[in-house]
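Listed below are the residues making up each chain.
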Amino acid sequence: MPPRARRGDPSRVTQQTERADYPRTHAEGDMTANETGAQAGERTALITGATRGLGLALARALAARGWNLIIDGRDANRLRAARNELAAATHVAAIAGDVTDPAHRRALAVLARGHSGLDAVINNAGALGPSPLPRLLDYPLDALADVYRTNVIAPLGVLQAVQEELKPGARIVNVTSDAAVNAYPGWGGYGSSKAALEQLSAVLAAELAAARPDVRVYWADPGDMRTDMHQAAFPGEDISDRPLPEARTAGFVALLEGGLPSGRYEVAALAAPEAVGGGRAP
Ligand SMILES: NC(=O)c1ccc[n+]([C@@H]2O[C@H](COP(=O)([O-])OP(=O)(O)OC[C@H]3O[C@@H](n4cnc5c(N)ncnc54)[C@H](OP(=O)(O)O)[C@@H]3O)[C@@H](O)[C@H]2O)c1
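Parameters at a glance
- Residues numbered from 1 in each chain as written.
- Predicted model: local features only at pLDDT ≥ 70, side-chain atom pairs only at ≥ 80, totals over all residues.
- Near = placed C-beta within 6 Å.
- Helix = DSSP H or I, 4+ residues; strand = E, 2+ residues; numbered from the N terminus.
- Nonpolar A, V, L, I, M, F, W, Y, C, P; charged D, E, K, R; others polar.
- Buried ≥ 20, exposed ≤ 12 C-beta atoms within 10 Å, placed from the backbone.
- Pairing = 2+ DSSP bridges.
- Right-handed = clockwise from strand over helix to strand, strands pointing away.
- Expected span 1.5 Å × (residues − 1).
- Contact = placed C-beta atoms within 7 Å.

Visitor: Where do I start with the site of the ligand in this structure?
Guide: What surrounds the ligand is a group of 32 residues, the closest being Gly49, Gly53, Arg74, Gly126 and Thr227. Looking at the shell around the ligand, the elements that each hand over two or more residues are α1 (53–64), β3 (68–73) and α6 (228–233). A class-by-class count of the residues in the shell around the ligand yields 11 nonpolar, 13 polar and 8 charged.

Visitor: Please explain the pairing of strand β6 (residues 166–175) as it appears in this structure.
Guide: Two faces belong to every sheet, and in a regular strand the side chains alternate between them. Most of β6 sits out of view: 7 of its 10 residues are buried. Alignment of strand β5 (residues 118–123) against β6, held across 5 bridges, turns out to be parallel. Residue pairing in the sheet places isoleucine 122 in a bridge with valine 173 of β6. Since β5 and β6 lie parallel, the crossover through helix α4 (residues 141–162) that links them has a hand, and here it is right-handed. As judged from the 5 bridges shared by β6 and strand β7 (residues 216–221), these two strands associate in the parallel manner. Bridge pairing links asparagine 174 to tryptophan 219 in β7. Handedness of the crossover joining β6 and β7 through helix α5 (residues 188–211) is recorded here as right-handed.

Visitor: I would appreciate a short explanation of helix α3 (residues 102–114) in the present structure.
Guide: Think of an α-helix as turning once every 3.6 residues; residues three or four places apart then point the same way. Helix length check: α3, at 13 residues, gives a terminal C-alpha distance of 19 Å against a target of 18 Å (1.5 Å per residue), a fit within 8%. Most of α3 is tucked away, with 10 of its 13 residues classed as buried. When α3 is considered as a whole, its buried residues turn out to be His104, Arg105, Ala107, Leu108, Ala109, Val110, Leu111, Ala112, Arg113 and Gly114. Looking at the buried positions of α3, the neighbouring elements they touch are β2 (44–47), β3, β4 (92–96), β5 and α4. Looking one or two residues past α3, serine 116 carries a phi angle of roughly 65°, positive in sign.

And the structure:
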């Protein structure tokens, strides 16, 4: 999101991690009738922050491809609307909550277990921080801590919570930004949080390469998109020249259904598996 002006076995990772200890039969949430009825061979993706923006676009794209979905978001009304729309296409479980809340993350893990595990975890929910973007020397530190809680701690917390639900060949996608690797003035809070997410992803990939070589870890930059977050980054500006998030879903499908190795990707440069004649069997 550049400034406009310039233009292993995860269950064995550590004993200190969050686990979902809820009874297997107790799933909290607002769900369709079939949400726990995943059949053998079906694929299930957990997408955080799927009520609007990129998360909702990804949910729609995966639903159209037959993936079962587990989705969340803090706004229960928006989440219900998303769930109702997606339920016309696939099995979808929706639970309102904040990814920074450990209890919510445990509830997501319970849903994952109810689906007989996860083929994909997409850590999409993210926080921009204050708008207009403050310079670092003026950055309110409480607000910075909130950004880090959402963009760094929570994605790892989600993975710790669901680690025992990762099916063979599961994909982990942590959504990052070019602000993680470029020094854009004003983007120090958000950008440094995404940089931390990227390093966390890289180390996780290295750890899982030994413990769970079947699992791939991707840190994926979607590029600029016309979303609420992007508008907040450029308050009062016309962002209609930015592509809609739907333009980026093919690249995420390539990561989820293709055979790319773990690593950092700019999804705009990736094509869906069928476009290049390859891909992982469903
Ligand atoms: N837009 C861009 O140009 C751009 C560029 C590069 C990277 N990204 C990254 O792409 C991802 C999606 O961005 P976006 O532009 O689609 O953002 P967005 O329009 O602000 O949507 C964010 C989504 O995440 C949910 N969410 C936010 N905080 C949450 C929390 N604490 N717990 C649970 N859900 C939460 C929101 O719903 P609620 O508010 O109801 O919780 C919403 O569904 C983010 O990780 C962002 O950093 C975006």
